[in-house]
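Working through the structure, step by step
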Amino acid sequence: MRVAVIGAGVVGASAAWWLARAGAEPVLIDPEAEGRATAAGAGIVVPWARTHQPDPDWHRRGAAAGRFYPEMITALGEDGETDTGYARCGAMIVDADPAVLDGIERDLIARHAEAPGMGGIARLDPAQARAAFPPLHPAMSAIHVEGGARVDGRRLAAALRRAAARRGTTEMHGAARLIRRPGGTGVQVDGTDVPADAVLVAAGAWSAALLAEIGLRLPVAPQRGQIVHLRADTDTSAWPAVLPLPIAVSYLVTFEGGRVVAGATRETGSGFDYRLTAAGQAQVLADALRVAPGLGGMGVIEWRIGFRPLADDLLPLLGPAQGVPGLFVATGLGGGGLTLGPLSGRLIAEAILGQPPLLDLAPFAPLRGGMPGG
């Protein structure tokens, strides 16, 4: 089975790899769009800590994504890929009010049975929290989640692509477009036909424009995120990720080489405006320094800009495109792309191959209600 996969971020690369592992013949098409979310995401993998979600199944799906990561890393190692950018470093949920943390701790303990991957849960007083993450504000207490992890999206996507190539995946680079054909959908890359039995659109925030070309409306739009990378004059590789409350508004995560990442803006309605803005920089730095004033003396390595694929109802868009034989979609993960992306790639690969999925994809039908283009 030959499958054209449009989009070479974590979702598309994961799908191509799993398809190739199953004996399919993927063609991975990289449009090389500026601002892909995989390249800009912070890379915090702590799915159990999210407290307010419009999706009642988020924690079940997040727990599955957390369990899946070690399995995937092991499988990549078996395919010769050990430079994945993934490491279990732990995470701290922090706040200056211990009473606020009490409620979070109760929620985590209640969810532990269905998410054993979160590991041990421990309360840290301000001194203990600062010992773990020295730049932290001295008034901050914490809940430490042992199973928290980090991942470098660029390195992970590259590892997935190399592993997929070893298993026979072909790569193409250029502008892709969909073409309606009798009984299905075709793909062209820079005007050249790409023969395929099935097509997967995993082009992140650009997926809607691809489907619009064949008269379909995909309810997803770009949300700009600006994020800064700082340099510490010490080894930060063992520092935990830091999640201030409310979770998913700001965060800190560290990597090897003294790299500390702080983010990020969530600019809904931004379109594909690939600019670093004064307001965005001010917001990110103010949020980071409020939580960890010790970051103030660090140098700035770089700023990154990415466009999260944000679905209208904040739910993933994952599964077959209703009424269009052979067309599949995997996008709409919003700010959870690096957490949910690898698992989403496997789920959509299973759907394409007609295999029983690990999770039910029915709630994530890409064309919600069969919405027409226009």
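Keep in mind it's a predicted model, so treat the numbers as computed, not measured.

**Quick word on the side chain of Thr236**
Checked against the element boundaries, Thr236 lands in the loop between β14 (220–231) and β15 (241–244). In terms of polar contacts, Thr236 uses its side chain to reach the backbone carbonyl oxygen of Phe255, at 2.8 Å. In this structure, Thr236 is in contact with Thr254, Phe255, Gly258, Arg259 and Val260, ignoring residues within four places of it in sequence.

**A look at the pairing of strand β16 (residues 251–255)**
Judged by how many residues are buried, β16 sits mostly within the fold: five of five residues are covered. Residues Tyr251, Val253 and Phe255 line one face of β16 and the alternating positions Leu252 and Thr254 line the opposite face, and both faces are buried.

**Quick look at the nonpolar core**
Judged by nonpolar contacts, the single largest core of 45 residues is most densely connected at Trp17, Met72, Leu156, Leu200, Ile348 and Ile352. For this core, the secondary-structure elements that each account for two or more residues are β1 (2–6), α1 (10–21), α3 (58–78), β8 (149–151), α6 (153–166), β13 (198–201), β21 (327–331) and α9 (337–353). For this core, the element with the highest residue contribution is α1, accounting for eight residues. Excluding residues within four positions of it along the chain, Ile352 makes contact with Met1, Val3, Leu19, Ala198, Leu200 and Phe328.

**Comments concerning the sheet that holds strand β12 (residues 192–194)**
One key point about sheets: their strands pair by backbone hydrogen bonds, in either a parallel or an antiparallel sense. Spatial ordering of the open sheet is given by β10-β11-β12, a layout of three strands whose pairing is antiparallel. Edge strands, defined here as strands with exactly one partner in the open sheet, are β10 (176–181) and β12. Each strand of the sheet is rotated relative to its neighbour by a mean of 40°, with strand direction disregarded. Pairing geometry for β10 and strand β11 (residues 184–189), over six bridges, is antiparallel. Residue pairing for β11: Arg177 is matched across the bridge by Gln188.

**A few points about the sheet that holds β21**
With mixed pairing, the six strands of this open sheet are ordered in space as β9-β2-β1-β13-β21-β20. The open sheet has two edge strands, β9 (170–173) and β20 (317–320), and neither has a second partner. In this sheet, adjacent strand axes meet at a mean angle of 20° when their direction is disregarded. Where strand β2 (residues 25–30) meets β9, four bridges bridge the pair, whose relative direction is parallel. Across the sheet, Asp30 pairs through a bridge with His173, a residue of β9. On the sheet, α1 packs against β1, β2, β13 and β21 and is oriented at approximately 165° with respect to β2. Contacts from α9 reach β1, β13, β20 and β21, with the element oriented near 170° to β21.

**Brief notes about the pairing of β15**
Side-chain alternation along β15 places Ala241 and Leu243 on one buried face and Val242 and Pro244 on a second face that is also buried. As paired elements, strand β5 (residues 91–95) and β15 share four bridges and run parallel to each other. Note on β15: the bridge partner recorded for Ala91 is Ala241.

**Remarks on unusual backbone geometry**
Trans peptide bonds make up the majority, and among non-glycine residues the majority have a negative phi. A cis amide bond, omega -10°, links Gly263 with the succeeding residue Ala264. When you line up the elements, Ala264 lands in the loop between β17 (259–263) and β18 (267–268). In this structure, Glu32 takes a positive phi of about 55° despite not being glycine.

Analysis parameters
- Residues numbered from 1 in each chain as written.
- Predicted model: local features only at pLDDT ≥ 70, side-chain atom pairs only at ≥ 80, totals over all residues.
- Heavy atoms only, no water.
- Helix = DSSP H or I, 4+ residues; strand = E, 2+ residues; numbered from the N terminus.
- Polar contact = N/O pair within 3.5 Å; in protein donor to acceptor, adjacent residues only side chain to side chain.
- Contact = heavy atoms within 4.5 Å.
- Buried < 20%, exposed > 50% of the residue type's maximum accessible area, 1.4 Å probe, protein only.
- Core = buried A, V, L, I, M, F, W, Y, C linked by side-chain atoms within 4.5 Å.
- Pairing = 2+ DSSP bridges.
- Axes fitted to C-alpha atoms, helices over the stretch in contact; angles between N-to-C directions.

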